[in-house]
Amino acid sequence: MAAAHRPSGTSTGPTRRTVLRQGAALAGGAAAVTALSACGAGEGGGVDADGRVRIEMWHGQTDTGRAAIEDLTARFHRTHPRIRVDLGGGVLADAMLQKITAALASGSFPDIAYVFGSDLASVARSPSVVDLTSTFHSGPVPWDEFWAPAREAVTLNGQVRAAPALIDSLAVVCNKKLFREAGLPLPRTGWSWDDFVQTASKLTDHQRGVFGTGWPGVGDEDTVWRLWPMIWDLGGDVVSRDGRRIGFEDTGLKALQTVEALVKAQSVYVDPKPGSEQMYRVFLSGRMGMAVTGPWQLPDIRQAKVDYHVVPLPSYSGRPITISGPDTWTVFDNGAARVAAARTFVTWLSKPAQDVRWDIEAGSLPMTRSTQALPEWQKQEADTPGLQVFTKSLESARVRPVHPAYPKISQSLGQAITAVLLGRSSPAKALRDCAEEANAALLIPR
């Protein structure tokens, strides 16, 4: 299983979004967080005999990501000798929710953990999660400098419940060779979903095994999050304003009809396995014209020597919109000394000098506009064709709500999308079934 992001170096296996499917699957286990104890401080409050404060971080990374956080931690130690950050946890990000839930229940948990943004609402119900509102509203990096999706992903009921850790966005990567062979012009900013459907159909060549595009087809979060920009663009939302119903009972139908149009044209490769690895293999092998993906996929695309072009997502309205899936560094209360040290470390990581190293080495986008303006990031964009499209897309990106019912909504919508992709249901029936399940989940007191 991959780390929580796509490494920026050579291919190491599954993509960042491989891990997203766990968010809905583990929702049931996360419900136990409401009754968790706030205890967990170690002996001596985490202060060594020499006065040095020792904190534990479960970073959830592997390969390039792990090397990046290890390098940053070593740099932190050189400038903060009174704090020692021990990296570990023995678990990757896709299993973090399950492990944190168990750790909180036992009263023995780390000081910092890498928690998916879609899981934060469940974890933050524990009284052991530290409120970071004052830390970031008056921190070394102005709060408004963070991209709006990063701020929204860590804010729950007006409080900052975690530190922004990673940000990304979705766009469309096109295989220029297949476009040339089909005699098609490359898409441009402002194109429509109708354009996307028609282009996918024209790119498809079943005799050669070429598909116009692909879509994950197992009903996981990787299946679902691709539909939210379509729903938002149509004026819908994940949850209605009163919080009692889903906010896409009408707009979701149009979005699912677009998915159905791809199916009817037989232009979409439906990946039958979790993680979307097969879908990306089809694209990397030169047999898919367009892939909706994020910046984490660019290293593999370049390594496969695919001649590619990146364009923003299509829309219905002509207005740019995409989705971002930010993740978090969540801080837990193991006593005042350790909380203070953890606050120091996560705010240090958010400074542009550290953020840019993490972005480049671990394969993320800049967390702040200040990082985006640094020469190091400007060089990274200049050296990586198409990367700037993903960064600019953050200006119009939205995030899934930090809502405890989100995993159930996602699960229900994932089943609806899969039913349409596999031709098992009409968009109208699939959406009705989704609404029935998701609306019931929203009525459960939390």
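For the structure, see preceding data.
**Overview of the overall build of the protein**
Scanning the protein from N- to C-terminus turns up 21 helices and 16 strands. Split into buried and exposed, the 446 residues of the protein put 56% on the buried side. A sequence separation of at least 24 residues applies to 77% of the contacts in the protein between residues at least 6 apart. On the protein, roughly 17000 Å² of surface is accessible, and the fraction owed to carbon and sulfur atoms is 49%.

**Describing the pattern of salt bridges**
Evaluation of the coordinates by the stated rule reveals 22 salt bridges. Among the salt bridges present, the one from Arg52 reaches Asp48, with a minimum N-O distance of 4.0 Å. For Arg52, a relative accessible area of 25% translates into the label partly exposed. The partly exposed category is assigned to Asp48, whose relative accessible area is 25%.

**Brief notes about the nonpolar core**
Core analysis: the biggest nonpolar cluster contains 117 residues, and Leu227, Trp228, Trp329 and Leu413 have the highest contact counts within it. Counting residues in hydrophobic clusters, the runner-up holds 13 residues, among them Val91, Leu97, Ala103 and Ala113.

**Describing the sheet that holds strand S2 (residues 83-88)**
Backbone-to-backbone hydrogen bonds join strands into a sheet, with any given pair of strands oriented parallel or antiparallel. Pairing is mixed across the open sheet formed by five strands, whose spatial order is S2-S1-S3-S15-S6. Two strands bound the open sheet, and with one partner strand each, they are S2 and strand S6 (163-166). With direction set aside, neighbouring strand axes in the sheet form an average angle of 30 degrees. Relative to strand S3 (residues 112-116), strand S1 (residues 53-58) runs parallel, the two sharing two bridges. Note that in S3 the partner of Trp58 across the bridge is Ala113. Those strands touched by helix H4 (residues 96-106) are S1 and S3, and its axis lies near 135 degrees from that of S1.

**Observations concerning the packing of helix H20 (residues 406-421) against helix H21 (residues 427-442)**
Where H20 contacts H21, the axes come no closer than 8 Å and their chain directions differ by 170 degrees. Considering the angle they form, H20 stands roughly antiparallel to H21. Where H20 abuts H21, its residues Lys408, Ile409, Ser412, Leu413, Gln415, Ala416 and Val420 lie against Pro427, Ala430, Cys434, Glu437, Ala438, Ala441 and Leu442. Classifying every residue of the contact of H20 with H21 gives ten nonpolar, two polar and two charged.

**A closer look at the packing of aromatic side chains**
The geometry of two aromatic rings is summed up by the distance between their centres and the angle between their planes. Per the stated rule, a full pass over the model turns up 17 aromatic pairs. Seen in terms of ring centroids, Trp143 and Phe146 are 5.5 Å apart; in terms of plane orientation they differ by 50 degrees. Their pairing is tilted. For the pair Trp143 and Phe146, a shared accessibility class is recorded, and that class is buried. Consider the rings of Phe345 and Trp348, whose centres lie 6.2 Å apart with planes at 15 degrees: the pair is stacked. Of the two residues, Phe345 and Trp348 are both situated in helix H15 (residues 336-350); the distance of three residues between them amounts to about one turn of the helix. Among the residues examined, Trp348 registers a relative accessible area of 9% and is labelled buried. The ring of Trp58 carries the charged tip of Lys99 above its face, separated from the ring centre by 4.6 Å.

**Observations regarding unusual backbone geometry**
One non-glycine residue, Ser276, lies in positive phi territory at about 65 degrees. Positionally, Ser276 belongs in the loop between strand S11 (268-271) and helix H13 (277-284). With a phi close to 60 degrees, Lys305 is a non-glycine residue in the positive phi region. Position of Lys305 among the secondary structure elements: in the loop between helix H14 (298-303) and strand S13 (308-311). We classify Lys305 as exposed; its relative accessible area is 74%.

**Considering the sheet that holds S13**
Taken in spatial order, the three strands line up as S12-S7-S13 in an open sheet, and their pairing is antiparallel. What marks the edges here is a single partner per strand, and that holds for strand S12 (290-293) and S13. Here the average twist between neighbouring strands, direction ignored, is 25 degrees. Here strand S7 (residues 171-175) pairs with S13 via four bridges, running antiparallel. Bridge assignment links Cys174 to a residue of S13, and that residue is His309. Here helix H9 (residues 193-203) sits on the sheet and contacts S7 and S12; the angle it forms with S12, its principal contact strand, is near 135 degrees. Against the sheet, H13 touches S7 and S12, its axis set at about 135 degrees to S12.

**Comments concerning the environment of Pro81**
Take Pro81: it is sitting in the loop between helix H3 (63-79) and S2. Since its relative accessible area comes to 56%, Pro81 is described here as exposed. As a C-alpha pair, Pro81 and Val53 span 28 residues in sequence and 9.3 Å in three-dimensional space.

**Topic: the packing of helix H12 (residues 251-264) against H21**
At a minimum axis distance of 9 Å, the contact between H12 and H21 shows a crossing angle of 135 degrees. With respect to their mutual orientation, H12 and H21 come out oblique. Two packed elements cross with a definite hand, and for H12 against H21 that hand is right-handed. Listed contacts from H21 to Gly252, Leu253, Leu256, Gln257 and Glu260 of H12 are Pro427, Ala428 and Leu431. Taken together, the residues that form the contact of H12 with H21 break down as five nonpolar, two polar and one charged.

Quick notes on the rules
Residues numbered from 1 in each chain as written. Predicted model: local features only at pLDDT ≥ 70, side-chain atom pairs only at ≥ 80, totals over all residues. Heavy atoms only, no water. Helix = DSSP H or I, 4+ residues; strand = E, 2+ residues; numbered from the N terminus. Buried < 20%, exposed > 50% of the residue type's maximum accessible area, 1.4 Å probe, protein only. Contact = heavy atoms within 4.5 Å. Areas by Shrake-Rupley, 256 points an atom, 1.4 Å probe, with all protein chains shown as cover. Salt bridge = Lys/Arg side-chain N within 4 Å of Asp/Glu carboxyl O. Core = buried A, V, L, I, M, F, W, Y, C linked by side-chain atoms within 4.5 Å. Pairing = 2+ DSSP bridges. Axes fitted to C-alpha atoms, helices over the stretch in contact; angles between N-to-C directions. Parallel < 35°, antiparallel > 145°, perpendicular 65-115°, else oblique. Nonpolar A, V, L, I, M, F, W, Y, C, P; charged D, E, K, R; others polar. Phe/Tyr/Trp six-rings, centres within 6.5 Å; stacked < 30°, edge-to-face > 60°. Lys NZ or Arg CZ within 6 Å of the ring centre and 35° of its normal. Left-handed = near helix turned anticlockwise from the far one by under 90°.

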